[in-house]
Amino acid sequence: MNELVFFINNVVVAGSVTGSIYAMGAIGVTLVFSIMRFAHFAHADMMTLGAFVVLLLSLAFPGAGSVVGLPTAIVMLPIAMVVTAAVAVGIDKAFYKPLRSHGVKPIVIVIGSLGVTLMLQGLLRLFAGTSPQNMYVAERKEIYRLELPFEAVTRPVIVTEPQVILFILVVAAVVGLHLFLNKTRTGKAMRAMSDNPDLARASGINTNHIVSVTWIIVGGLATMAGTLLSMDVTFKPDLSFFLLLPIFAAAIVGGVGHPYGAIAGGFVVGFAETLAVFNWAVLLRPFQERLPDWLELPNNLAFVGTEYKIVVPFFILVAILVWRPTGIFKGKVI
Amino acid sequence: MPLLEARDVHGGYGGMNILNGVDMSIEADEIGVIVGPNGAGKSTMLKAIFGLLQVNQGEIRLRGEPITNLAPNKLVHMGMGFVPQENNIFPSLSVEENLEMGAYIRPSGVSRMLEQIYEFFPPLLDKRRQPAGELSGGQRQMVAMGRALMVEPSVLLLDEPTAGLSPLFMNEIFERVKKINAAGVGILMVEQHAKQALAIAHKGFVLAAGYNRFTDTGEALLNDPEVAKSFLGG
Amino acid sequence: MTTSKTTDRTAPRRLPLRELILFGALFVAILGVYAVMGPAYSTRMLVEAACYAIIALGLTIQWGYAGQFNAGVMGFVALGGFCAMFFGIPVNEAFWDSQLPGELGRVLLYLVGAVLLVWGATKLDRLGVPKRLRTIIAVVLAVVLYLVVISLLREVTGEIRSQAGFIGGLGLPSWIGWIAGGALAGFIGYYIGHICLGLRSDYLAIATLGIAEIIKAFLKNSDWLTRGTATVSPLPWPTPGPSDLGFVLARAVYLSLTAVVIAGIFFLLHRAYHAPWGRMIRAIRDNEVSSAAMGKDINKRRLEIFVFGCILMGIGGAALTNFNSIFDPQGYLPLNHTFLVLVMVILGGPGNNLGTIFGAVLVYIIWIMSEPLALFLMNIAVYIGEGWFGWEPPSNISSRALQARVFVIGLLISLVLRYAPRGLMPEKVPHHH
């Protein structure tokens, strides 16, 4: 039965964590895509930037967490979200808006976003160095060990504090976004603009305002995802490198321009990754005695080694582009 | 003073004039219908009024105020509604949200206006929670018109509201147009179904090659043998 | 078509003043580098710039001719580099004398067999198997067979690594590796293009970005094939090496070889650009809808362009890696091998071959020279900071200074896109009146 716990720890928990991060990233990508119609390559670096702002704030006020009884990074998260959102709006004004108003093809803005990616990476490495840093500046990362009430189980299910916070915040973010998009006037206008930009303009919707609101949401969500990922692992300036392909794959799997699809896509990609690198031999080994003699289980029965993890989102991406380019939820833009 | 007046309008896309001097004018309680062959500049004229393309010469006035080349959102504020021929709804938004978007610039009286729109278009009431993209063609057209009516415009521009609809729906749409007009909204619409449209029109404008060939009351145009021969298919 | 030809011919040839001035300035800059850094260093720089020019020509036909954005140049460059290594380096006797080649062959045969079996399973519906059942059978079969083959492969490659190190090369002349590099890059490009070219252009960018990372991950982790992080060197040159001729002369000979390659590509591209094929490509780029309406097979043309561009990137990558004489999978950086090339193309003038070569040499000089310059500036900053404000700089200051170059490349992309989207030498679109 310990094998089952191993499975829960390495697939169920790890997959939910990765899935939540990818889902939050993919929502951002898909929102930008549906409002501005381009693939925002700098999104993963915005996540890194958000985490870096949190790190800086935590270094500046290391004691803030113990006052409220939460990790300092979480206390600093709202401030960092505001800062990153402002940066996101500024980046749009400085780099994307001029291209948009020139009426260039979307692919040119994609290249522009690559330029922004490099600028953000350069700045982050210049100021943050290249070595990994712990987001827990003053306190220790709590680890919860849940013993299961079965006799055969001796190992606990392990969940860390940032993971629990991640799950809570993901649910909160999704519910919040849902309410915003469906209940508020601005949220509805955002959906309207994503549906039919010309008609939105003809209805008197201020599209510049909607674009700014989109960047605020995107910057905020990116900060949240980047921070929680860095808290769970460590902060690295090249964090974005491992995120870009999975979050794009997630957005496309879910159907580009479809926020709920992005959530589903995030979990699909996250679980696919963890299932693919999971060593299935662990689960099969208890049944070794019952298997015929000629069938000897190899030590490693993972689909891909961890070093090839990046193949998984790519494979999903290609598969979805071949069979169903609109994604599982029928996205708008292909 | 006429509600909407256009005098000697020239305009088109990218320096090429499609309109070569169009005149039209409707009063506050009238239905004006623009008919004519393909390429005559009917839809172009509507877009020129709504500021969607450049007017190079001539003047357009709304209640006496010059509105030539004003931006669409300004015109919406001044009480003009426009229903494009295609892509005139937000397909993934519900019917009610579509209507709310029509009142985006004036969110105060939404619930009152919604009631009124459902009165104009009773079929929409049952479907108000349904995504507009799932409706039938006629109902979509109702959503589109309802959206434009949400700001209580004094004049409504309709670009071929019955395009692609079956005759049954076409008549229904024309009935609604009459009803809206009776509620005090001036209407200027472009129509392919010239006979049926002229039958409900107070004024008719027959365009050809970018200028007025005939301008008269709807009834007079219907009975004019020359108009009938060249433009109404005998 | 006939009228356009006559206008081409009778149009008075303007003196290409802009080109002359720009190339003159570039020449002066090169002379300056020679004067400061010495001939050995400067010739090496020129050879590398020439290799980048081949790669950039590949990107300019994809982006400039056809508007396809390939964000994974690095992957195709790495494939070229791998081929240059694999074909060029000597045969590894330790591997070929053992029983390992046979075992590896057996596993590869299993792989072929497994592929055929799965392919057969997808055709089961022809035999009356319900479609859903067929899909399930095919997927289960694929998963099981994949696991079997991958376990066997892991075993064999592990053996190769422990007994022979790696499988070594083929010991063929290097230029065969260059051609093979182009072919392999074109082959991969064909499949990527086949999947993505019918969709929005953004998807191509994402997919190429992905494939580049996968190629790199594969080359880095397949120790049995590439020695992975242990790197392979030296790679024999197709021209006489430095031990025969001395550094400067050997590099100069290599430079002339790359110059011949560039001249050949340039000639072919020039011909193609002005041929009906080139006109069709540009027509597709500028107005997809009307070209489609004229009955042109857009996707096939686009695929040709994309594959051709990838081939050039493969050849350029082979030439570059071969020159550096070391195959290090970790040395393939998206920054150098994708974004630098992108800057070369958009700064030089997308769609203008001459402009692309100009851009390649100019940007590469700036890139190379920016390293000492960045360190110099950083040292001044540190000096001022320490002397005036008592600031204590972080210890890894020099590695951080180099990161500033990443920022500069990004800024350069953004500025060029905004202020000179057609580059320093814009594509001259022939007007047909």
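Residues numbered from 1 in each chain as written. Chains lettered and ligands numbered in written order. Predicted model: local features only at pLDDT ≥ 70, side-chain atom pairs only at ≥ 80, totals over all residues.

- In the nomenclature of an unreviewed UniProt entry, chain C is known as Amino acid/amide ABC transporter membrane protein 2, HAAT family of Franzmannia pantelleriensis.
- Turning to chain C, the UniProt record has this under Subcellular location (unreviewed entry): "Cell inner membrane". (UniProt positions renumbered as here; feature names shortened; annotations may be inferred.)

- Per an unreviewed UniProt entry, chain B is named Amino acid/amide ABC transporter ATP-binding protein 2, HAAT family, and its organism is Franzmannia pantelleriensis.

1. Overview of the overall build of chain B
Thought 1: Within chain B, the regular secondary structure consists of ten helices and ten strands.
Thought 2: With the C-alpha coordinates of chain B rotated into their principal frame, the extents come out at 45 × 35 × 35 Å.
Thought 3: The proportion of buried residues among the 234 residues of chain B is 47%.
Thought 4: For chain B, long-range pairs separated by at least 24 residues make up 67% of all intrachain contacts whose partners lie at least 6 apart in sequence. (Helix = DSSP H or I, 4+ residues; strand = E, 2+ residues; numbered from the N terminus. Buried ≥ 20, exposed ≤ 12 C-beta atoms within 10 Å, placed from the backbone. Contact = placed C-beta atoms within 7 Å.)

2. Side note on the overall build of chain C
Thought 1: Secondary structure summary: chain C contains 18 helices and zero strands in total.
Thought 2: For chain C, the spread of C-alpha atoms along the principal axes amounts to about 70 × 65 × 50 Å.
Thought 3: Across the 433 residues that make up chain C, the buried fraction comes to 39%.
Thought 4: Here the contacts in chain C between residues at least 6 apart in sequence split such that 81% fall between residues at least 24 apart.

3. What to know about the interface of chain A and chain C
Thought 1: In this assembly, 41 residues from chain A lie in contact with 38 residues from chain C.
Thought 2: Counting only elements with at least two residues in the side of chain A that touches chain C, the list comes to helix H4 (72-101), helix H5 (106-128), helix H10 (244-254) and helix H13 (311-323) of chain A.
Thought 3: The residue makeup of the side of chain A that touches chain C, split by class, is 31 nonpolar, eight polar and two charged. (Nonpolar A, V, L, I, M, F, W, Y, C, P; charged D, E, K, R; others polar.)

4. Observations concerning the nonpolar core
Thought 1: One finds Leu157 of chain B together with Ala53, Ile54, Ile55, Val343 and Ile413 of chain C to be the most contacted residues of the largest nonpolar core, which totals 281 residues.
Thought 2: By residue number, the principal contributor to this core is helix H3 (residues 39-65) of chain C, which donates 16 residues. (Core = buried A, V, L, I, M, F, W, Y, C linked by C-beta atoms within 7 Å.)

5. Section: the domain arrangement of chain C
Thought 1: What the domain assignment lists for chain C is domain 1 (17-89 + 172-419) and domain 2 (93-165).
Thought 2: Placing the centre of domain 1 of chain C and that of domain 2 of chain C at their C-alpha centroids yields a distance of 36 Å. (Domains from an automatic or database assignment.)

6. A few points about the interface of chain A and chain B
Thought 1: Listed per partner, the contact involves 14 residues of chain A and 19 residues of chain B.
Thought 2: Those elements that place two or more of their residues in the side of chain A that touches chain B are helix H7 (185-195) and helix H8 (197-202) of chain A.
Thought 3: Here the side of chain A that touches chain B gets six residues from one element, more than from any other, and that element is H7 of chain A.
Thought 4: In terms of residue class, the side of chain A that touches chain B is made up of five nonpolar, three polar and six charged.

7. Details of the environment of Ile109 of chain A
Residues and elements named next belong to chain A.
Thought 1: Note on placement: Ile109 falls in helix H5.
Thought 2: A count of 25 C-beta atoms within 10 Å places Ile109 in the buried class.
Thought 3: Separated by 71 residues in sequence, Ile109 and Phe180 place their C-alpha atoms 27 Å apart.
Thought 4: When near neighbours in sequence (up to four residues on either side) are disregarded, Ile109 contacts Phe38, Tyr96, Leu99, Arg100 and Val104.

8. Observations regarding the sheet that holds strand E10 (residues 211-217) of chain B
Residue and element names in this part refer to chain B.
Thought 1: Overall, mixed pairing links the six strands, which are arranged E6-E7-E8-E3-E9-E10 in an open sheet. Where the open sheet ends on each side, the last strands, each with one partner, are strand E6 (80-83) and E10. Each strand of the sheet is rotated relative to its neighbour by a mean of 15 degrees, with strand direction disregarded.
Thought 2: Bridge count for strand E3 (residues 31-35) against strand E9 (residues 203-208) is four bridges, and the pairing is parallel. Across the sheet, residue Gly32 finds its bridge partner in E9, namely Lys203.
Thought 3: Lying on the sheet, helix H1 (residues 42-49) is in contact with E3, strand E7 (155-159), strand E8 (186-190) and E9; it crosses E7 at an angle near 145 degrees.
Thought 4: Sheet contacts for helix H7 (residues 167-182): E3, E7 and E8; angle to E8, the most-contacted strand, approximately 150 degrees. (Pairing = 2+ DSSP bridges. Axes fitted to C-alpha atoms, helices over the stretch in contact; angles between N-to-C directions.)

9. A word on unusual backbone geometry
Thought 1: The step from Ser233 of chain C to Pro234 of chain C runs through a cis peptide bond, and the omega angle for that step is -5 degrees.
Thought 2: Tracing the chain through its elements places Pro234 of chain C in the loop between helix H10 (223-226) and helix H11 (242-245).
Thought 3: Positioned with a positive phi, Asp8 of chain B is a non-glycine residue whose angle comes to about 50 degrees.

10. Observations regarding the confidence of the model for chain C
All names here are of chain C.
Thought 1: On average, residues of chain C score 85 in pLDDT, and 91% of them reach the 70 mark or higher.
Thought 2: Ranking the elements of chain C by mean pLDDT puts helix H1 (residues 2-10) last, at 40, and helix H4 (residues 73-88) first, at 94.
Thought 3: Scoring the predicted complex yields pTM 0.88 and, for the interface, ipTM 0.88. (pLDDT = per-residue confidence, 0-100.)

11. A word on the sheet that holds strand E1 (residues 4-13) of chain B
Residues and elements named next belong to chain B.
Thought 1: Across the sheet, which stays open at both edges, the four strands sit in the order E2-E1-E4-E5 with antiparallel pairing between neighbours. Each having just a single partner strand, strand E2 (16-26) and strand E5 (65-66) make up the two edges of the open sheet.
Thought 2: As judged from the eight bridges shared by E1 and E2, these two strands associate in the antiparallel manner. When the sheet's bridge partners are listed, Gly12 is paired in E2 with Asn17.
Thought 3: On the sheet, H1 packs against E1, E2 and strand E4 (54-62) and is oriented at approximately 75 degrees with respect to E2.

12. Concerning the packing of helix H2 (residues 43-60) of chain A against H4 of chain A
Residue and element names in this part refer to chain A.
Thought 1: Relative to each other, H2 and H4 sit at 130 degrees, their axes nearing to 8 Å. When the axes of H2 and H4 are compared, the pair comes out oblique. Where H2 crosses over H4, the handedness of that crossing is right-handed. Contacts between H2 and H4 involve Met46, Leu49, Gly50, Val53, Val54, Leu57 and Ser58 on the former and, on the latter, Thr72, Ala73, Met76, Leu77, Ile79, Ala80, Val83, Thr84, Val87 and Ala88.
Thought 2: Classifying every residue of the contact of H2 with H4 gives 13 nonpolar, four polar and no charged. (Parallel < 35°, antiparallel > 145°, perpendicular 65-115°, else oblique. Left-handed = near helix turned anticlockwise from the far one by under 90°.)

13. Observations concerning H4 of chain A
Residues and elements named next belong to chain A.
Thought 1: Taking 1.5 Å per residue, 30 residues should reach 44 Å; H4 reaches 41 Å between its end C-alpha atoms and fits that length.
Thought 2: Most pronounced at Lys93, the bend in H4 amounts to some 40 degrees.
Thought 3: Once H4 ends, the next one or two residues include Gly103, with phi positive near 70 degrees. (Expected span 1.5 Å × (residues − 1). Bend = angle between axes of the 7 residues up to and from the residue.)

14. Let's talk about the packing of H4 of chain C against helix H8 (residues 174-196) of chain C
Residues and elements named next belong to chain C.
Thought 1: At a closest axis distance of 7 Å, the pairing of H4 and H8 adopts a crossing angle of 145 degrees. In terms of crossing hand, the pair formed by H4 and H8 is right-handed. Here Phe76, Leu79, Gly80, Cys83, Ala84, Phe86, Phe87 and Gly88 of H4 lie close against H8, whose contacting residues are Ser174, Ile176, Gly177, Trp178, Ala180, Gly181, Gly182, Leu184, Ala185, Ile188 and Gly189.
Thought 2: A per-class count over the contact of H4 with H8 returns twelve nonpolar, seven polar and no charged.

15. Comments concerning the pairing of E4 of chain B
Residues and elements named next belong to chain B.
Thought 1: Of the pairings in the sheet, the one linking E1 to E4 comprises seven bridges and is antiparallel in character. In the strand pairing of E4, Gly11 is matched with Val55.
Thought 2: In this sheet, E5 lies alongside E4 in antiparallel orientation, the contact comprising two bridges. Its bridge partner being in E5, Arg61 is matched across the sheet by Pro66.
Thought 3: Where E4 folds back onto E5 in an antiparallel hairpin, the turn is made up of two residues, including Arg63, whose phi is positive at roughly 45 degrees.

16. Structural notes on the environment of Gly120 of chain C
Thought 1: Looking at where Gly120 of chain C falls in the secondary structure, it is placed in helix H6 (residues 100-122).
Thought 2: Residues Gly120 of chain C and Ala138 of chain C lie 18 residues apart in sequence; the distance between their C-alpha atoms is 8.4 Å.

17. Looking at the arrangement of the chains
Thought 1: By contact count, the leading pair among the two pairs of chains in contact is chains A and C.
Thought 2: There is a gap between chain B and chain C: no contact, and a shortest C-alpha distance of 17 Å.

18. Concerning the environment of Glu139 of chain A
Thought 1: Tracing the sequence through the fold places Glu139 of chain A in the loop between H5 and strand E1 (143-146).
Thought 2: Taking the C-alpha atoms as reference points, Glu139 of chain A and Gly65 of chain A, separated by 74 residues in sequence, lie 8.4 Å from one another.

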